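Structure at a glance
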Amino acid sequence: AQTVTQSQPEMSVQEAETVTLSCTYDTSESDYYLFWYKQPPSRQMILVIRQEAYKQQNATENRFSVNFQKAAKSFSLKISDSQLGDAAMYFCALLSGTYKYIFGTGTRLKVLA
Amino acid sequence: NAGVTQTPKFQVLKTGQSMTLQCAQDMNHEYMSWYRQDPGMGLRLIHYSVGAGITDQGEVPNGYNVSRSTTEDFPLRLLSAAPSQTSVYFCASSYSWGTDTQYFGPGTRLTVL
């Protein structure tokens, strides 16, 4: 069975500081993708970053980067220079095998001014 | 492009009633999915489709039906609504498996009394 676990229900960060959100996953597939999605209060789901499992290099998108540890099945998201607009729910997701995305339970990020 | 559209935005049903949640995309995406989001549960996959005429079950398919007669539309039918189906429902689509962004609709908040 494929699983995604986010063990931090809530995190806080000071504006301009760096925060890391944790995610662990499990899959028996060798070909898979990992994602971080952001859900602001508007409820709209927005893709933040994507990592292909076959790529050793960690993905980066501007202030967002991941630490992908394949052997440990860990996929954390680092947000640098946090901004008030980063406040949202963040979901880690796994796509492997058939077209079935598995989402974690989410981490609520609060950004303190 | 309108992207992924969902109607209605809000709906209240009585137990036992049936209804259809509409989802449409104008991006010529082959892959479409329905999710439900419940507090503390993240997003869970209900049904998905990899092309017109092809659908399959996700993690929580019971009580829901889908069909995909066109590339653009992927309606979700509640056969006999139950209070346990009170949730926010999201439709999503992507051009291909994994490498392309999955775009989400704005969601439908459904309450079953």
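For the structure, check the block above.
Quick summary incoming for the structure in this document. (Residues numbered from 1 in each chain as written. Chains lettered and ligands numbered in written order. Predicted model: local features only at pLDDT ≥ 70, side-chain atom pairs only at ≥ 80, totals over all residues. Heavy atoms only, no water.)

1. Focus: the layout of surface pockets
- Roughly 470 Å³ of internal volume is contained in the largest pocket.
- Considering the residues around the largest pocket, the lining is formed by 23 residues, among which Gln39(A), Met89(A), Arg108(A), Gln37(B) and Pro39(B) are closest to the centre.
- Here the residues of the lining of the largest pocket sort into 11 nonpolar, 8 polar and 4 charged. (1 Å grid on protein atoms, 1.4 Å probe; cavity = no way out; pocket = protein on both sides within 12 Å on 5 of 7 lines; lining within 4 Å. Points joined across faces, edges and corners; volume = space filled by probe spheres on them. Nonpolar A, V, L, I, M, F, W, Y, C, P; charged D, E, K, R; others polar.)

2. Here we look at the nonpolar core
- Core analysis: the largest hydrophobic core is formed by 26 residues, its most contacted members being Tyr25(A), Trp36(A), Phe75(A), Leu77(A) and Tyr90(A).
- Residues Phe91(A), Ala93(A), Tyr31(B) and Leu43(B) belong to the second largest nonpolar core, which totals 21 residues. (Core = buried A, V, L, I, M, F, W, Y, C linked by side-chain atoms within 4.5 Å. Buried < 20%, exposed > 50% of the residue type's maximum accessible area, 1.4 Å probe, protein only.)

3. What to know about the interface of chain A and chain B
- The interface of chain A with chain B comprises 23 residues on the first partner and 33 residues on the second.
- Note on chain A versus chain B: buried area summed over both sides is about 2100 Å², and carbon and sulfur give 54% of it.
- Viewed at the interface, chain B and chain A are joined by 0 salt bridges.
- There are 6 residue pairs in polar contact (both at pLDDT 80 or more) connecting chain A and chain B.
- Listed by contribution, the elements that provide at least two residues to the side of chain A that touches chain B are strand E5 (32–39), strand E6 (46–52), strand E10 (88–96) and strand E11 (100–103) of chain A.
- Sorting elements by how many residues they give to the side of chain A that touches chain B places E5(A) first, with 5 residues.
- A per-class count over the side of chain A that touches chain B returns 12 nonpolar, 7 polar and 4 charged. (Contact = heavy atoms within 4.5 Å. Buried area = accessible area lost by both parts, 1.4 Å probe. Salt bridge = Lys/Arg side-chain N within 4 Å of Asp/Glu carboxyl O. Polar contact = N/O pair within 3.5 Å; in protein donor to acceptor, adjacent residues only side chain to side chain. Helix = DSSP H or I, 4+ residues; strand = E, 2+ residues; numbered from the N terminus.)

4. Brief notes about the environment of Ser33(B)
- Position of Ser33(B) relative to the elements: it lies in strand E4 (residues 31–38).
- Note on Ser33(B): relative accessible area 0%, which makes it buried.
- In this structure, the C-alpha to C-alpha distance between Ser33(B) and Asn1(B), residues 32 residues apart in sequence, is 19 Å.
- With residues up to four places along the chain from it excluded, the contact list for Ser33(B) reads Tyr99(A), Leu45(B), His47(B), Tyr48(B), Phe74(B), Phe90(B), Cys91(B), Ala92(B) and Gln102(B).

5. Points about the pairing of E6(A)
Residue and element names in this part refer to chain A.
- Here 6 bridges tie E5 to E6, and the two strands are oriented antiparallel to one another. Bridge pairing in E6 places Trp36 opposite Ile49.
- Hairpin remark: E5 followed by E6, antiparallel, with 6 residues in the connecting loop; positive phi at Arg43, about 85°. (Pairing = 2+ DSSP bridges.)

6. With respect to the pattern of salt bridges
- With the rule as written, the count across this model stands at 6 salt bridges over all chains.
- Notably, a salt bridge pairs Glu10(A) with Lys110(A), separated by 3.4 Å at the nearest N-O pair. Placement of the pair is Glu10(A) in strand E2 (residues 10–14) and Lys110(A) in strand E12 (residues 107–112), with a sequence separation of 100 residues.
- Judged by relative accessible area, which is 43%, Glu10(A) ranks as partly exposed.
- Linking Asp38(B) and Arg44(B) is a salt bridge whose minimum nitrogen-to-oxygen distance equals 2.8 Å.

7. Some points on the state of the cysteines
- For the structure shown, the criterion picks out 2 disulfides over all chains.
- Across the disulfide from Cys23(A) sits Cys92(A); the S-S distance is 2.0 Å. Note on the Cys23(A) and Cys92(A) pair: the S-S dihedral is about -70°, so by sign convention the disulfide is left-handed. With a gap of 69 residues between them, Cys23(A) in the loop between strand E3 (19–21) and strand E4 (24–26) and Cys92(A) in strand E10 connect regions that are remote in the sequence.
- Under the relative-accessibility criterion, Cys23(A) is labelled buried at 2%.
- Cys92(A) gets classed as buried once you look at its relative accessible area, which sits at 0%.
- Two residues share a disulfide in this structure: Cys23(B) and Cys91(B), whose sulfurs sit 1.8 Å from each other. Taking the torsion about the sulfur-sulfur bond, which here is approximately -70°, the covalent link between Cys23(B) and Cys91(B) counts as left-handed. A residue pair is termed long-range when its members are at least 10 positions apart, and Cys23(B) in strand E3 (residues 19–25) and Cys91(B) in strand E9 (residues 87–94) qualify at 68 residues. With respect to burial, Cys23(B) and Cys91(B) carry one shared label: buried. (Disulfide = S-S within 2.5 Å.)

Distances and angles like these do not, on their own, reveal function.
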